[in-house]
Protein chains: 2
Amino acid sequence: MRSTLQDVARRAGVSPSAASAALRPGRSSNVRLAEATRQRVLEAAAALGYRTNPLARALRGEATRTIGVLWWLGSPSGREFMARRIARMLQVNDYSTYLADHFASAEQVAEALKDFAVRGIDGVVLESDDTIAASRDVQQAIQAFKAAVVVQPTETSLGTDNIVHDRYVAIREAVDHLVATGRRRPVYLVARHANLGKASTFLDQLRRHGLTPAPDAVLDVDERHADNFGQLAIEALDAREAGRANVGFDAVLATSDELAVGAIAWLRGRGLRVPDDVAVVGANDAHMAGFLDPPLASVDRREPELVSLIEEKLFRRLDAPDAPPTRTSLAMRFVWRPSAGGSAQHPGQP
Amino acid sequence: MRSTLQDVARRAGVSPSAASAALRPGRSSNVRLAEATRQRVLEAAAALGYRTNPLARALRGEATRTIGVLWWLGSPSGREFMARRIARMLQVNDYSTYLADHFASAEQVAEALKDFAVRGIDGVVLESDDTIAASRDVQQAIQAFKAAVVVQPTETSLGTDNIVHDRYVAIREAVDHLVATGRRRPVYLVARHANLGKASTFLDQLRRHGLTPAPDAVLDVDERHADNFGQLAIEALDAREAGRANVGFDAVLATSDELAVGAIAWLRGRGLRVPDDVAVVGANDAHMAGFLDPPLASVDRREPELVSLIEEKLFRRLDAPDAPPTRTSLAMRFVWRPSAGGSAQHPGQP
DNA sequence: CTGAAAGCGCTTACAG
DNA sequence: CTGAAAGCGCTTACAG
C-alpha cells in the first residue's frame with residue numbers, strides 16, 4: 001500500500017542506498033550522486049507520494065522530529081491551555097507532539113518519560129515542581145533525551161535547560177498593592193497541595209509590611225477533582241466566616257479568577273461591595289476578567305512569552321546538545337484592575 | 001544503555017524468540033513455553049528494567065498503542081479544552097496521544113493524517129466539519145487507520161464512526177426561550193467563518209416564531225486571531241449601533257461566554273440592565289458563568305459525555321475493526337440562568 | 001560515482 | 001517444547 005524506499009529506488013532505477021542519499025542531501029555520507037540521478041529519485045518519490053517511515057529511521061537511532069510534552073493537564077485552565085500553545089508551536093516548526101499528563105506525581109512523570117524514551121522522542125518539555133525534580137527516577141529518566149526544557153516555579157535540580165516561571169513576584173506585587181491601599185486583613189484562596197511556596201510567599205510578604213496574618217489567612221481549596229471552582233471559594237469562605245457577625249477580612253487574593261469570581265459572588269450575597277468593602281484579586285487573567293463589574297485584577301502568566309522561551313531553548317539544544325544548560329526567569333505579573341481598589345498609577349491613593 | 005530483548009534472552013538463558021513469546025502470552029503463536037522458563041524470562045526482564053521497543057514492533061505492523069488527536073486547537077476554549085480531556089482519557093487507558101492542530105483546513109488535516117499514518121498510529125480522533133469531511137484527500141487519508149472517531153456538528157461523510165455534536169438544538173432552545181419571554185429583536189454574535197449553520201439556525205428559528213430578523217441580526221466576529229474576545233463583542237456592537245439613539249435589540253445570543261460578557265460590559269456602558277432591558281445568553285458554560293451578576297445563561301457542550309462516547313467508540317472499533325460504522329448524536333443544551341430573563345421553569349412568564 | 005551487505009529491535013512462520 | 005532465520009523500512013560504512 002504505502003510505498004517504500006525500495007519502490008522509489010526501483011522506479012528511479014537506482015539502488016535503495018542511492019535513493020536514500022538522494023532524499024537526504026547534505027548528510028555526511030560518502031555517497032555522491034549525479035544531479036540527474038538525484039532528480040530522477042525525487043521525481044519517483046513525488047510520483048509515488050513517498051514518505052520516509054520515521055519508525056524505521058528511529059530504529060536506527062535517527063531523530064524522530066517528535067517532542068514529548070508533559071504537563072499537568074488536570075489543573076484548572078488559565079487564560080489558555082499551555083499544552084495547546086506548545087503543540088501549535090511545535091507543529092509550526094514541523095515537529096510532532098506527544099502529549100501526556102503528569103498527574104502531579106513524580107512516579108507518573110518518570111513513567112511517562114520512560115515511555116517517551118522508548119518511543120524515540122527527540123526532546124521533552126516538562127512542567128515540574130520541587131517534588132518532581134527531587135525524584136531520582138525522574139532525574140535519571142530525563143537523561144535519555146537530547147533536549148529537555150523544564151518549566152518550574154523555582155530553579156530546577158534536574159540539570160536541564162530551565163525556565164523559572166516565577167509566580168512569587170506577582171503574589172508579592174499583589175500584596176504590596178493591597179497593603180499600600182489600606183488593606184490590613186487579606187486572605188488567600190489557594191490549593192495547599194499545589195505549591196506551599198505560594199502560601200508562604202503571601203504570608204511572608206504581609207509580615208514584611210509589619211502585619212500579622214491571621215492563623216486562618218490561607219484558605220485551602222482543593223480544585224483537583226472539583227468541577228465548580230466558584231462553589232469551592234464560596235464553601236471555603238462560608239467555613240471560615242461561620243458564626244462571625246462581620247466579615248473578618250478586607251481583601252481576597254485567589255489562585256485563579258474562577259475562585260475570585262466565586263468570592264465576589266459570596267461577598268455580593270452578604271451585601272458587601274468590591275472593592276469598597278473588600279478588594280479582590282484573581283489569577284491567570286481569564287479573558288473575561290477585564291469585562292466584569294468591577295473589572296477583576298489578576299495575574300498575567302505571560303504564556304506567549306513562555307512558549308517563545310521554550311521554543312528558543314528547545315531548538316537551540318537540539319542544535320547543540322553539548323552546550324551547558326541554560327536558565328531563564330520569567331516572572332508572572334500583577335495586573336491591576338478596579339476590583340483591587342486604589343488605582344494602577346497610584347496604588348497608595350485609593 | 002537501554003536493554004533489549006536480546007539482553008533479556010541472554011540473561012534468562014533462552015533464545016530471543018522464546019523471550020518474545022514469554023513476554024506476550026496469549027498471542028497466537030506455535031511457541032509454547034514451560035511455565036518455569038516463562039518465569040525466568042519475566043524475572044530477567046524485570047531485573048533489567050526491560051521495555052519492549054514499540055518502534056520495532058510498529059515496524060512489523062503491530063499496534064503502537066498510540067492515538068492521534070486532531071483538534072482545532074486555535075479556537076477559544078470552552079469550559080475546558082477537549083484535547084486535554086481526550087489525552088487524559090487515553091493515558092488512563094494506557095494509550096499515548098499524538099496531538100495535532102487541524103488549523104481549520106482540509107489540507108492541514110490530510111497532511112496531519114498522513115503524518116499520523118506513517119508513524120504507525122492505531123487510531124485517530126478527528127474534530128471535523130462539512131468542509132473537511134468533503135475533502136477527497138481527507139477521505140482517503142483516514143482509511144489508513146484501524147479506528148477513526150469523527151466528531152462533527154452534522155453527520156459526517158467520512159464513513160467512519162461518528163459522533164454528531166449538535167449545537168443547533170441548543171441554539172433553537174435559546175431562541176425559543178427568548179421569544180417566549182417576550183424578546184422580539186435578538187441579535188447573534190457569531191464567527192461566520194466557523195459555521196454557517198449556526199447563523200442560519202438562529203435566523204430560521206426566529207422565523208419559525210413568526211418574527212422577521214433584522215438584516216443585521218447576525219454580527220460577524222472573527223475570534224481566530226483575537227486575543228481579546230470581550231473587545232471583539234464591544235466593537236461589533238459599536239459598529240452596529242453607531243448613530244442610533246436607542247439600542248436596536250432586546251437580546252444577545254453569543255457564541256461564547258467571553259463574547260457575552262463583552263456584550264454585557266457594552267450594555268452596562270450604556271446604562272442598560274441585564275436582563276430587564278436586554279437578555280444575554282453565552283455559550284460553552286465557562287466556570288465563571290454561574291457566579292456572575294446576573295448569572296449568565298449559556299450552552300453546555302457536555303464534554304464529559306463527549307469524551308465517554310469517544311472512548312467507547314474508539315476502543316470498540318479497535319476490538320472489532322470490521323464492524324459497520326456507528327453514529328451517535330450528542331446535543332448541546334441551553335442552560336438557563338437569570339441573564340436570559342424569565343425563569344428556568346416558566347420561560348413564558350418573565 | 002554507485003551497489004550489496006549489515007544491522008537497528010522486534011515477531012513469527014518454520015525447522016528441529 | 002525450543003532455536004535459527006527472515007524480514008518490517010531505513011541508513012551507512014564498506015566494496016567495487
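See the structure printed just above.
Right, let's walk through the structure included here. (Residues numbered from 1 in each chain as written. Chains lettered and ligands numbered in written order. Predicted model: local features only at pLDDT ≥ 70, side-chain atom pairs only at ≥ 80, totals over all residues. Heavy atoms only, no water.)

**Examining the protein's contact with DNA strand D**
Item 1. In the vicinity of DNA strand D, 27 residues are found, and the nearest of them are Leu 5, Tyr 50 and Arg 57 of chain A together with Ser 17 and Arg 60 of chain B.
Item 2. By atom count, sugar and phosphate contribute 63% of the portion of DNA strand D lying within 4 Å of the protein.
Item 3. In the model, a base nitrogen of DNA strand D is placed 3.2 Å from a nitrogen or oxygen of the Ala 56 of chain A main chain.
Item 4. Residue Arg 60 of chain B places a side-chain N or O atom 2.6 Å away from a base nitrogen belonging to DNA strand D. (Near = heavy atom within 4 Å. Polar contact = N/O pair within 3.5 Å; in protein donor to acceptor, adjacent residues only side chain to side chain.)

**Quick look at the sheet that holds strand β9 (residues 279–281) of chain A**
All names here are of chain A.
Item 1. Pairing is parallel across the open sheet formed by four strands, whose spatial order is β7-β6-β8-β9. Unpaired on one side and paired on the other, β7 (218–220) and β9 mark the two borders of the sheet. The average undirected angle you get between the axes of adjacent strands in this sheet is 15°.
Item 2. Note: strand β6 (residues 186–190) against strand β8 (residues 251–254), four bridges, orientation parallel. Counterpart to Leu 189 in the pairing with β8 is Ala 254.
Item 3. Across the sheet, helix α9 (residues 168–180) touches β6, β8 and β9, and the angle it forms with β8 is around 170°. (Pairing = 2+ DSSP bridges. Helix = DSSP H or I, 4+ residues; strand = E, 2+ residues; numbered from the N terminus. Axes fitted to C-alpha atoms, helices over the stretch in contact; angles between N-to-C directions. Contact = heavy atoms within 4.5 Å.)

**Topic: the interface of chain A and chain B**
Item 1. On the chain B side, the residues contacting the 58 residues of chain A number 57 residues.
Item 2. Both faces combined, the contact of chain A with chain B buries some 5,300 Å², and carbon together with sulfur accounts for 58% of it.
Item 3. Counting the surface chain A buries against chain B, the share from its top three residues, Arg 84, Met 288 and Phe 291 of chain A, is 16%.
Item 4. Connecting chain A to chain B are six salt bridges. (Buried area = accessible area lost by both parts, 1.4 Å probe. Salt bridge = Lys/Arg side-chain N within 4 Å of Asp/Glu carboxyl O.)

**Observations regarding the pattern of salt bridges**
Item 1. Here the structure, examined in full by the defined rule, presents 42 salt bridges over all chains.
Item 2. Across the pair Asp 161 of chain A and Arg 317 of chain A runs a salt bridge, and its minimum N-O distance is 2.7 Å. Placement of the pair is Asp 161 of chain A in strand β5 (residues 161–166) and Arg 317 of chain A in helix α13 (residues 303–319), with a sequence separation of 156 residues. Note on accessibility: Asp 161 of chain A and Arg 317 of chain A belong to one class, buried.
Item 3. For Glu 312 of chain B, the salt bridge is made with Arg 316 of chain B, and the minimal N-O distance between the two is 3.4 Å. Remark: Arg 316 of chain B and Glu 312 of chain B occur in helix α13 (residues 303–319); sequence separation between them is four residues, near one turn of the helix.
Item 4. One network of salt bridges, with partners in common, ties together Asp 216, Arg 240, Glu 241 and Arg 244 of chain A. (Buried < 20%, exposed > 50% of the residue type's maximum accessible area, 1.4 Å probe, protein only.)

**Some words on the nonpolar core**
Item 1. With 62 residues, the main nonpolar core has Leu 189, Phe 249 and Val 280 of chain A together with Leu 189, Phe 249 and Val 280 of chain B as its most contacted residues.
Item 2. Secondary structure elements with two or more residues in this core: β6, α11 (229–241), β8 and α12 (257–269) of chain A together with β6 (186–190), α11 (229–241), β8 (251–254) and α12 (257–269) of chain B.
Item 3. Formed by 52 residues, the second largest nonpolar core is a distinct cluster that contains Ala 87, Met 89, Leu 309 and Phe 315 of chain A. (Core = buried A, V, L, I, M, F, W, Y, C linked by side-chain atoms within 4.5 Å.)

**Points about the side chain of His 102 of chain A**
All names here are of chain A.
Item 1. With respect to the element layout, His 102 can be found in the loop between β2 (96–101) and α6 (106–118).
Item 2. Accessibility expressed as a relative area gives 4% for His 102, which makes it buried.
Item 3. Separated by 3.1 Å, the side chain of His 102 and the backbone oxygen of Glu 127 make a polar contact.
Item 4. Setting aside residues no more than four positions away along its own chain, His 102 makes contact with Leu 70, Trp 71, Trp 72, Gln 108, Val 109, Glu 127 and Ile 132.

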